[in-house]
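Working through the structure, step by step
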Amino acid sequence: MKLQPGEKNLSKERQAELYRSVVMRQSRQLSEHYLKMCQETNNTWPDMKEDCLEAATTEIVHVYEGGDNGKG
């Protein structure tokens with residue numbers, strides 16, 4: 001999802017839509033990293049994929065809602 005040409009002032013609905021898009025994209029990327037770590041360490045379980053996505057989404061939302069600036 002990208003800003004359209006000339007789109008400077010976003011409506012609240014458009015802001016929410018862009019926020020969800022960014023959070024979901026970054027959550028998927030982070031969850032793939034978590035999955036690789038689990039597989040590399042032979043630490044797997046039945047709901048691993050869902051758990052990794054949930055953990056990643058929680059982390060990304062925390063960062064975007066001001067809980068952490070991403071610098072540790």
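Refer to the structure presented above.
In what follows, the accompanying structure is described.

Calculation criteria
Residues numbered from 1 in each chain as written. Predicted model: local features only at pLDDT ≥ 70, side-chain atom pairs only at ≥ 80, totals over all residues. Heavy atoms only, no water. Salt bridge = Lys/Arg side-chain N within 4 Å of Asp/Glu carboxyl O. Helix = DSSP H or I, 4+ residues; strand = E, 2+ residues; numbered from the N terminus. Buried < 20%, exposed > 50% of the residue type's maximum accessible area, 1.4 Å probe, protein only. Expected span 1.5 Å × (residues − 1). Contact = heavy atoms within 4.5 Å.

Here the focus is the pattern of salt bridges. Taken as a whole and assessed by the stated rule, the structure comprises 1 salt bridge. The residue Glu17 makes a salt bridge to Arg14 at a minimum N-O spacing of 4.0 Å. One end of the pair is Glu17 and the other is Arg14, both in helix H1 (residues 12–40) and 3 residues apart, which spans about a single turn. According to the relative accessible area criterion, Glu17 is partly exposed, its value standing at 34%. Residue classification places Arg14 among the buried residues on the basis of a relative accessible area of 14%.

What follows deals with H1. Residues spaced three or four apart along an α-helix face the same direction, because each turn holds 3.6 residues. Given a rise of 1.5 Å per residue, 29 residues ought to cover 42 Å, and the 42 Å separating the end C-alpha atoms of H1 matches this to within 8%. Listed as buried for H1 are Arg14, Leu18, Val23, Ser27, Leu30, Ser31, Leu35 and Cys38. Contact partners of the buried residues in H1: helix H2 (48–64). With its phi angle positive at about 55°, Asn42 sits one or two positions after the end of H1.

Next up on the list: unusual backbone geometry. A positive phi angle, close to 55°, is found at Asn42, a residue other than glycine. Checked against the element boundaries, Asn42 lands in the loop between H1 and H2.

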